[in-house]
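Chain by chain, the residues:
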Amino acid sequence: MTARSSERARIDMLARVFGTDGSGRTIVGIGDDAAVIAPGREPLVWTLDAQVEGIHFRRDLVSMADLGYRATMAAASDLAAMGASPLGILAGLVLPAYVTDEDLRAIAEGQHEAAEEVGTQIIGGNLARGQEISITTTVLGETPRPLGRSGAKPGEVVAIAGPLGLSAAGLVLIGRGREHEADAAPAVRAYRRPLARITAGLAARDVASAAIDVSDGLTRDVGHVARASGVLVVLDRSTLLTPELERAAALAEADPYQLALEGGEDYAVVVTVPEDRVPAGFKRIGRVVPPQDGKIGIAVEQTNGTLAWLDERGYDHFG
Ligand SMILES: Nc1ncnc2c1ncn2[C@@H]1O[C@H](COP(=O)(O)OP(=O)(O)OP(=O)(O)O)[C@@H](O)[C@H]1O
Ligand SMILES: Cc1ncc(C[n+]2csc(CCOP(=O)(O)O)c2C)c(N)n1
Ligand SMILES: [Mg+2]
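- Per an unreviewed UniProt entry, the chain goes by Thiamine-monophosphate kinase and derives from Polyangium fumosum.
- Taken directly from UniProt, the Function (unreviewed entry) text for the chain runs: "Catalyzes the ATP-dependent phosphorylation of thiamine-monophosphate (TMP) to form thiamine-pyrophosphate (TPP), the active form of vitamin B1."
- The heading Pathway (unreviewed entry) in the UniProt record of the chain holds the text "Cofactor biosynthesis; thiamine diphosphate biosynthesis; thiamine diphosphate from thiamine phosphate: step 1/1."

Next up, the structure:
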C-alpha cells in the first residue's frame, strides 16, 4: 500500500491508533486546537526532544515502528531523570512526501506502544511536510519532588538503572549488517527499543540527591551532574561492563569500556544516593568525592589507587 492521504484523514488515523486516554486526566485529546489536562497538586515537569533523520536515525537502519518507539522513549526518559511520572505526550511529525499512510501508521503504533509502556498516551501533536523525517516529542509529567542535577554530595554513591554502551554497540552492528547474530540481539534491541526508566526514577525520587539520564554518554551526562553539584565523581571501572556488552563489543570490534563511557542513547538513569539507600533496580558504579586540587568532573580509580581523569567525551550536536 502506497496511499498518501490528506492531512485530515491522517489525523483521523492517528487518533484511532492512539485511542483515548484511560488515565482520566485528559479532558480534551486529539481533535481540538490543543489538548487539555486536569490539574493535579504536584509540580509539573515538561520536556521536549527531537529525533532527526540522518542524525538520530537512518531510514535504512530502523523500521518506522522502531522510530516512533525510540523517539517517544527518548523524550520520556527526561521525565525518568526528574523522578516524574508522565501525564501526556504531544508529538510533532515532519514527513517527506515519500512517507506513506502505512509508514505513518507504523510510526504511530511505535509511539503508542512506547507511551503505553510508560503509562501514558499521545494526546495531540502536529503534522507538517518537510525534507526529512523528524519527530519532536514533548512529555508533560508531575512529581512531588523533582530530581535535579545539582544535589550530589561527597560521601554518596553513584548508581545506575539500565544498560550502558549497548545502544551504541547496536548501532554499529546494525550498520555492519550483523544484527542477526545472537550476540548482537541485546545491543540491537537497546538501540531500536530503548526503555525510559520511569519506574526507576520513581524508586529513586525520595532518596536521590541528583539524577540524570544517559542520552549523550556516561562521562558527558554524569559530568553535567558533577559540574552542577561542584563535586568529583569517581567511577568504579570494574562495574561498567556486562557480559552482554562485552559480547556485543567483541562482535563490533569495539572497546567495551569506550562504549560504556561514551556511547549514548541507552537512556539509563544515573542517581547519587547515600550509600545505604541505593534503590531497587539500581547498581552501584561509583562514588561522589569533594573536588581534588580544585578539579570537578569525572575520574576512574586506577588499580594503584590513583585517579585517572576522564574526558567528558560523548555526543555533541555542535562539537
Ligand atoms: N532551544 C532551547 N531553548 C531553551 N532551552 C533549551 C533549548 N535547548 C535546550 N534547552 C534547555 O537546556 C537544558 C539542557 O538541554 P539538553 O537538550 O542538553 O538536555 P539533555 O536531557 O541533557 O539532552 P538530550 O536528552 O537532548 O540529550 C534543558 O533545561 C533544556 O530545556
Ligand atoms: C545514524 C546515527 N548516527 C549516530 C547516532 C548516535 N547519536 C545521534 S544523536 C546522539 C545523542 C542523543 O541525541 P540528543 O542529544 O539529541 O538527545 C547519539 C549518540 C545515531 N543514533 N544514529
Ligand atoms: Mg536528559
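## A few points about the sheet that holds strand β4 (residues 85-95)
Okay, so step 1: Taken in spatial order, the 4 strands of this open sheet run β3-β6-β4-β5, and their pairing is mixed. Unpaired on one side and paired on the other, β3 (44-52) and β5 (122-129) mark the two borders of the sheet. In this sheet, adjacent strand axes meet at a mean angle of 15° when their direction is disregarded.
Okay, so step 2: For β4 and β5, the ladder comprises 7 bridges, and the chain directions are parallel. What sits directly across from I89, in β5, is I122.
Okay, so step 3: Together, β3, β4 and β6 (134-142) form the strand contacts of helix α2 (residues 64-80), whose direction differs from that of β6 by roughly 35°.

## With respect to the environment of A114
Okay, so step 1: Tracing the backbone shows A114 in helix α3 (residues 101-117).
Okay, so step 2: Considering only alpha carbons, one finds A114 and L245, 131 residues apart in sequence, at a separation of 24 Å.
Okay, so step 3: In this structure A114 touches Y69, T72 and M73, once residues within four positions along its chain are discounted.

## A few points about the UniProt feature "domain: PurM-like C-terminal" (unreviewed entry) in the chain
Okay, so step 1: Under the UniProt annotation, the feature "domain: PurM-like C-terminal" (unreviewed entry) is placed at residues 153-283.
Okay, so step 2: In residues 153-283, the share of helix is 41% and the share of strand is 15%. The end C-alpha atoms are 18 Å apart.

## With respect to the site of ligand 1
Okay, so step 1: Close to ligand 1 lie D49, D78, R149, S215 and D216, which account for all nearby residues.
Okay, so step 2: S215 places a polar side-chain atom, nitrogen or oxygen, 2.5 Å from an oxygen atom of ligand 1.
Okay, so step 3: Note that an oxygen atom of ligand 1 is positioned 3.3 Å from one of the side-chain N or O atoms of D216.
Okay, so step 4: For ligand 1, the protein covers 31% of the area, taking 620 Å² as the surface of the free molecule.
Okay, so step 5: Of the residues assigned to the shell around ligand 1, the class counts are no nonpolar, 1 polar and 4 charged.

## Thoughts on the environment of V300
Okay, so step 1: Relative to the elements of secondary structure, V300 occurs in strand β12 (residues 297-301).
Okay, so step 2: For V300, the contacting residues outside a window of four places in its chain are V234, L235, T306, L307, A308 and L310.

## A closer look at the coordination of the magnesium ion (ligand 3)
Okay, so step 1: Coordination of the magnesium ion (ligand 3) by the protein is provided by D78 (OD) and D213 (OD), with metal-donor distances spanning 2.0 to 2.2 Å. Highlighted residues: D78 in helix α2 and D213 in strand β8 (residues 210-213), separated in sequence by 135 residues.
Okay, so step 2: Judged by its relative accessible area of 3%, D213 is buried.

## A closer look at the layout of surface pockets
Okay, so step 1: Looking at the largest pocket, its volume works out to about 760 Å³.
Okay, so step 2: Looking at the largest pocket, it is lined by 35 residues, and the ones nearest its centre are H56, S215, D216, E265 and Y315.
Okay, so step 3: Breaking the lining of the largest pocket down by element, the ones donating at least two residues are β3, α2, α4 (166-175), α7 (218-229) and α9 (256-262).
Okay, so step 4: Looking at the lining of the largest pocket residue by residue, the class counts come to 14 nonpolar, 11 polar and 10 charged.
Okay, so step 5: Looking at which domains feed residues into the lining of the largest pocket, each of domain 1 (7-142) and domain 2 (157-309) gives three or more.
Okay, so step 6: As a volume, the second largest pocket reaches approximately 430 Å³.
Okay, so step 7: Every residue lining the second largest pocket is counted, 22 residues in all, and those nearest its centre are I30, D32, G124, G125 and N126.
Okay, so step 8: Contributing elements (two or more residues each) for the lining of the second largest pocket: α1 (7-18), β4 and β5.
Okay, so step 9: With 6 residues, the top contributor of residues to the lining of the second largest pocket is β5.

Rules behind the numbers
Residues numbered from 1 in each chain as written. Chains lettered and ligands numbered in written order. Predicted model: local features only at pLDDT ≥ 70, side-chain atom pairs only at ≥ 80, totals over all residues. Heavy atoms only, no water. UniProt positions renumbered as here; feature names shortened; annotations may be inferred. Pairing = 2+ DSSP bridges. Helix = DSSP H or I, 4+ residues; strand = E, 2+ residues; numbered from the N terminus. Axes fitted to C-alpha atoms, helices over the stretch in contact; angles between N-to-C directions. Contact = heavy atoms within 4.5 Å. Near = heavy atom within 4 Å. Polar contact = N/O pair within 3.5 Å; in protein donor to acceptor, adjacent residues only side chain to side chain. Areas by Shrake-Rupley, 256 points an atom, 1.4 Å probe, with all protein chains shown as cover. Nonpolar A, V, L, I, M, F, W, Y, C, P; charged D, E, K, R; others polar. Donors = N, O, S within 2.8 Å, 3.2 Å for Na, K, Ca; no water. Buried < 20%, exposed > 50% of the residue type's maximum accessible area, 1.4 Å probe, protein only. 1 Å grid on protein atoms, 1.4 Å probe; cavity = no way out; pocket = protein on both sides within 12 Å on 5 of 7 lines; lining within 4 Å. Points joined across faces, edges and corners; volume = space filled by probe spheres on them. Domains from an automatic or database assignment.

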